[in-house]
Amino acid sequence: MARVLVVEDDAAILETVAYNLGREGYEVVTAADGVSGLQLSRETEPDLIVLDLMLPRMSGLDVCRVVREERPVPILVLTARSAEGDKIAGLDLGADDYVTKPFSMQELIARVSAMLRRDRISREAAGGVDGGTLRGGGIELRPDAREVRRNGEVVRLRPKEFDLLECLMRHPRQVLTRDRILEQVWGHEFGGGTRTVDVHMRWLRQKLEATPSKPQHLVTVRTVGYKFEP
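First things first, this report covers the structure right here in the doc. Every value quoted in this text rests on a predicted model; they were computed, and no experiment measured them.

Concerning the sheet that holds strand β11 (residues 218–221)
Okay, so step 1: Across the sheet, which stays open at both edges, the 3 strands sit in the order β10-β12-β11 with antiparallel pairing between neighbours. Both edges of this open sheet fall to β10 (176–177) and β11, since each of them pairs with a single strand only.
Okay, so step 2: By the bridge criterion, 2 bridges tie β10 to strand β12 (residues 225–228) in an arrangement that is antiparallel. Following the sheet pairing, T177 is matched in β12 by G225.
Okay, so step 3: Against the sheet, helix α6 (residues 159–169) touches β10, β11 and β12, its axis set at about 70° to β12.

Structure below.
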């Protein structure tokens with residue numbers, strides 16, 4: 001049974017989301033503020049977090065940032081329909097998807113199910129027969145351990161940064177469109193746009209390229225997408 005942590009300060013929304021997720025068979029843990037949500041994330045180690053961004057005591061953006069630094073768990077953020085900047089900020093901090101308020105419970109449950117399914121498939125693939133080490137350009141990626149090294153030194157990547165790098169390294173010198181990357185890494189159910197790919201690519205370059213502004217291995221192909229040059 002998957003455990004879902006819901007962090008939401010609106011009591012009516014919190015109760016409704018928790019009730020409906022519970023009906024779907026999930027074990028649900030709830031928190032009404034950011035500090036409690038972060039504490040419960042550490043104590044219960046949920047399989048997925050549903051996180052409102054407008055929270056008392058500690059903002060959802062700060063919770064997302066800290067959780068991302070501590071463990072690889074899928075995060076679905078809840079934002080106001082007009083808060084475009086919050087959506088982008090949440091994705092920039094490593095959130096995997098978002099739902100805008102007001103939302104249908106059917107949509108939220110579908111997003112939760114899809115995110116958990118992608119996470120499970122990713123973990124199974126990491127331990128499967130094609131989980132061999134990928135190498136190129138001084139970069140070494142081990143899918144089984146979800147570990148990346150650059151010139152022998154371990155580099156800490158967020159979960160989606162790792163998945164994006166793996167996607168590119170599995171297709172060396174092959175140009176992948178942003179749409180294809182978005183589908184392979186985030187899944188076709190993902191509600192965000194291709195800018196998410198650009199943001200994560202920028203982060204990867206900052207961590208892996210000697211000169212991020214002039215990348216040698218994580219290369220942009222203008223108007224098309226990206227490729228990995230070993």
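Let's pick the thread back up.
Observations regarding the layout of surface pockets
Okay, so step 1: Its boundaries defined by the atoms lining it, the second largest pocket holds a volume of some 380 Å³.
Okay, so step 2: R68, R156, L157, R158 and P159 are, among the 19 residues lining the second largest pocket, the residues nearest its centre.
Okay, so step 3: The element best represented in the lining of the second largest pocket is helix α3 (residues 60–70), accounting for 4 residues.
Okay, so step 4: A breakdown of the residues in the lining of the second largest pocket according to their chemical character gives 8 nonpolar, no polar and 11 charged.

Topic: the environment of Y226
Okay, so step 1: Considering the arrangement of structural elements, one finds Y226 in strand β12.
Okay, so step 2: We classify Y226 as buried; its relative accessible area is 4%.
Okay, so step 3: When the C-alpha atoms of Y226 and I181 are compared, they prove to be 8.8 Å apart, with 45 residues separating the residues in sequence.
Okay, so step 4: For Y226, the side chain forms a polar contact with the side chain of D198, separated by 2.6 Å.

Thoughts on helix α7 (residues 178–186)
Okay, so step 1: Turning to α7, its buried residues number three or more, namely I181, L182, V185 and W186. For α7, the buried positions fall inside an angular range of 100° around the axis, keeping them on one side. Seen from the open side of α7, the exposed residues pointing more than 90 degrees away from its buried face are D179 and E183.
Okay, so step 2: Among the residues trailing α7, G187 stands out with phi positive, at a value near 90°.

Topic: the packing of aromatic side chains
Okay, so step 1: Summed over all chains, the structure comprises 0 aromatic pairs.
Okay, so step 2: Positioned above the aromatic ring of W203, the side-chain terminus of R158 is 4.1 Å from the ring centre.

Concerning the side chain of E161
Okay, so step 1: Tracing the backbone shows E161 in helix α6.
Okay, so step 2: Reaching out from E161, the side chain makes a polar contact with the side chain of R158 at a distance of 2.8 Å.
Okay, so step 3: Leave out the neighbours within four places in its chain, and E161 touches R156, H200, W203, L204 and K207.

Overview of the sheet that holds strand β6 (residues 134–136)
Okay, so step 1: Taken in spatial order, the 4 strands make up an open sheet running β6-β7-β8-β9, and their pairing is antiparallel. Edge strands, defined here as strands with exactly one partner in the open sheet, are β6 and β9 (153–155). Averaged over all pairs of adjacent strands, the angle between their axes in this sheet comes to 25°, without regard to strand direction.
Okay, so step 2: Pairing geometry for strand β7 (residues 139–142) and strand β8 (residues 147–150), over 4 bridges, is antiparallel. Opposite I139, over in β8, you have R150 as the bridge partner.
Okay, so step 3: On the sheet, α6 packs against β6, β7 and β8 and is oriented at approximately 110° with respect to β7.
Okay, so step 4: Set on the sheet, helix α8 (residues 195–208) makes contact with β7, β8 and β9; between it and β8 the angle comes to about 50°.

Procedures and definitions
Residues numbered from 1 in each chain as written. Predicted model: local features only at pLDDT ≥ 70, side-chain atom pairs only at ≥ 80, totals over all residues. Heavy atoms only, no water. Pairing = 2+ DSSP bridges. Helix = DSSP H or I, 4+ residues; strand = E, 2+ residues; numbered from the N terminus. Contact = heavy atoms within 4.5 Å. Axes fitted to C-alpha atoms, helices over the stretch in contact; angles between N-to-C directions. 1 Å grid on protein atoms, 1.4 Å probe; cavity = no way out; pocket = protein on both sides within 12 Å on 5 of 7 lines; lining within 4 Å. Points joined across faces, edges and corners; volume = space filled by probe spheres on them. Nonpolar A, V, L, I, M, F, W, Y, C, P; charged D, E, K, R; others polar. Buried < 20%, exposed > 50% of the residue type's maximum accessible area, 1.4 Å probe, protein only. Polar contact = N/O pair within 3.5 Å; in protein donor to acceptor, adjacent residues only side chain to side chain. Arc of directions from axis to C-beta. Phe/Tyr/Trp six-rings, centres within 6.5 Å; stacked < 30°, edge-to-face > 60°. Lys NZ or Arg CZ within 6 Å of the ring centre and 35° of its normal.

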